[in-house]
Amino acid sequence: MTQKRLSKVLVYYNEEYFMPIRFSYDGIKIFIKTITSNWIESAGRERIYHFSVLTNLGAYNLEFHEALKKWYCHPSESA
Amino acid sequence: MTGVEYVAHIDMDAFFASIEQAANPCLKGRPIAVTGIGKRHSIVTSASYEAKKFGVRSGMPFFQAVKLCPDLMAVKVQSRKYEYVSREIMKMLTGVSPRIMVASIDEAYVDLGFYTRLEEALRSFIKFKHDLKESFGITASVGVTVNPVLSKIASDYSKPNGFVVVKRGLERAFLKQIPPGDVPGIGKHTLIKLESMGYKTVGEVLEEFERNPIRLYTAFGNSFLGLIQSLTKKVFHGRSFSGRNRPNPSAIP
């Protein structure tokens with residue numbers, strides 16, 4: 001099972017929305033080709049923004065935890 | 001001016017599996033099962049159409065599903081994600097008509113009394129199906145008839161991505177093709193009894209009901225007759241469609 005890891009993410013941001021453009025995983029900078037889906041998880045006041053993205057290295061999931069102001073990343077998996 | 005007296009049933013096709021396939025294009029076209037990974041006796045919550053071809057069904061233990069489809073891929077269930085997508089879809093559906101009734105996380109009924117012409121309503125549904133594909137990458141099947149039970153049968157009739165409209169007066173012609181097992185409310189035991197009495201379609205049961213209702217009454221009782229009768233009548237009155245309801249939490253894994 002792959003671990004969720006802290007990630008540095010380059011983000012496009014305007015007043016209406018934001019979207020990741022590039023992120024790092026295992027020290028590798030990975031460019032996002034497409035955002036295939038996104039959804040918001042609400043737990044009380046806290047919000048977690050989820051992005052499923054497609055890159056040259058495969059599919060990844062990115063999460064932005066609003067309260068922590070941190071990004072997490074893990075490859076999409078199936079068994 | 002009064003609106004059209006039709007009700008639509010919308011049912012998402014392999015909802016959870018389709019969401020996962022849309023999120024990860026590597027899963028597209030492959031047999032997948034949405035399940036709790038890591039649990040020995042995980043249950044298949046949703047199977048993609050590619051997996052369904054092998055006989056994999058929702059509610060089946062995962063180990064049994066793998067026996068049927070050795071290439072089956074397990075994808076971890078993410079209930080919060082499905083709840084979010086469902087809420088967004090139901091919001092989108094209120095664009096078709098403000099009078100909707102959410103039946104579960106992946107199905108809803110829509111009262112089309114909001115429209116004065118059926119064609120307008122159908123155009124809105126074509127747009128809804130297009131928007132659904134564009135926004136979420138998934139498809140839904142739609143059934144439009146004069147009553148909710150028939151609409152549900154119609155939406156199941158040409159899954160996936162179906163669109164079946166049964167105009168008033170054509171209910172019987174449509175039901176002539178429907179096996180009794182496809183009617184919600186007809187269970188396993190009733191089905192066995194119907195088959196043993198020689199009824200192969202709902203149309204045949206309806207004909208028998210008109211010729212000899214006593215025979216059906218003695219065999220199946222009053223509630224069955226009520227169900228059969230309701231299929232061709234406009235039993236829908238729209239009172240339960242007062243607003244957008246929340247999905248039933250028990251329908252969410």
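Note that this is a predicted model, so its numbers are computed, not measured.

Draft legend 1. A look at the overall build of chain A. Helices and strands together make up the secondary structure of chain A, namely zero helices and seven strands. When the elements of chain A are put in sequence order from the N terminus, they spell out β-β-β-β-β-β-β. Against the compact-globule benchmark of 12 Å for 79 residues, chain A has a radius of gyration of 12 Å, which places it among compact chains. Counting only C-alpha atoms and orienting by the principal axes, one finds that chain A spans roughly 35 × 30 × 20 Å. Within chain A, the proportion of its 79 residues that are buried is 20%. For chain A, long-range pairs separated by at least 24 residues make up 27% of all intrachain contacts whose partners lie at least 6 apart in sequence.

Draft legend 2. Looking closely at the packing of helix H4 (residues 79–93) of chain B against helix H5 (residues 118–136) of chain B. Residues and elements named next belong to chain B. Where H4 meets H5, the axes come as close as 11 Å, and the angle between the chain directions of the two elements is 150°. Viewed along their axes, H4 and H5 adopt a mutual orientation that is roughly antiparallel. H5 is crossed by H4, and the crossing has right-handed handedness. Between H4 and H5, the residues in contact are Val85, Ile89, Met92 and Leu93 and Phe128, Asp131, Leu132 and Phe136, respectively.

Draft legend 3. Structural view of the domain arrangement of chain B. Per the domain assignment, the segments making up chain B are domain 1 (16–78) and domain 2 (172–230). Domain 1 of chain B and domain 2 of chain B are separated by 34 Å when their C-alpha centres are compared.

Draft legend 4. Just the environment of B:Val110, in detail. Residues and elements named next belong to chain B. Mapped onto the elements, Val110 comes out in strand S6 (residues 107–111). On the neighbour-count criterion, Val110 (27 C-beta atoms within 10 Å) is buried. A C-alpha to C-alpha distance of 28 Å links Val110 and Val34, two positions 76 residues apart in sequence. Apart from residues no more than four positions distant in its own chain, Val110 is found in contact with Val7, Ala8, Ile10, Leu93, Val96, Ser97, Arg99 and Ile100.

Draft legend 5. The nonpolar core, seen in detail. Counting 64 residues, the largest nonpolar core has B:Ala8, B:Ala33, B:Leu93 and B:Val110 as the members making the most contacts within it. When we break this core down by domain, the ones giving at least three residues each are domain 1 (16–78) and domain 2 (172–230) of chain B. The next biggest cluster of nonpolar side chains, apart from the first, holds nine residues, and it includes A:Phe51, A:Val53, A:Leu62 and A:Trp71.

Draft legend 6. Examining the environment of B:Ser223 more closely. For B:Ser223, the position within the fold is in helix H11 (residues 222–230). Residues B:Ser223 and B:Gly185, spaced 38 residues apart in sequence, show a C-alpha to C-alpha distance of 9.8 Å.

Draft legend 7. Expanded view of the confidence of the model for chain B. Residue and element names in this part refer to chain B. Predicted confidence across chain B gives a mean pLDDT of 88, with 91% of residues reaching 70 or more. Confidence over residues 246–253 falls short of pLDDT 50; this stretch has 15 contacts with residues more than four positions distant or in other chains. Two summary scores accompany this predicted model of the complex, namely pTM at 0.86 and ipTM at 0.82.

Draft legend 8. Structural detail: the interface of chain A and chain B. Listed per partner, the contact involves 13 residues of chain A and 16 residues of chain B. When contributions to the side of chain A that touches chain B are tallied by element, the ones reaching two or more residues are strand S4 (28–43), strand S5 (46–55) and strand S6 (58–65) of chain A. By residue number, the principal contributor to the side of chain A that touches chain B is S4(A), which donates five residues. Of the residues contributing to the side of chain A that touches chain B, the split by class is five nonpolar, seven polar and one charged.

Each value, and the rule that gives it
- Residues numbered from 1 in each chain as written.
- Chains lettered and ligands numbered in written order.
- Predicted model: local features only at pLDDT ≥ 70, side-chain atom pairs only at ≥ 80, totals over all residues.
- Helix = DSSP H or I, 4+ residues; strand = E, 2+ residues; numbered from the N terminus.
- Rg over C-alpha atoms; globule rule 2.2 N^0.38 Å.
- Buried ≥ 20, exposed ≤ 12 C-beta atoms within 10 Å, placed from the backbone.
- Contact = placed C-beta atoms within 7 Å.
- Axes fitted to C-alpha atoms, helices over the stretch in contact; angles between N-to-C directions.
- Parallel < 35°, antiparallel > 145°, perpendicular 65-115°, else oblique.
- Left-handed = near helix turned anticlockwise from the far one by under 90°.
- Domains from an automatic or database assignment.
- Core = buried A, V, L, I, M, F, W, Y, C linked by C-beta atoms within 7 Å.
- pLDDT = per-residue confidence, 0-100.
- Nonpolar A, V, L, I, M, F, W, Y, C, P; charged D, E, K, R; others polar.

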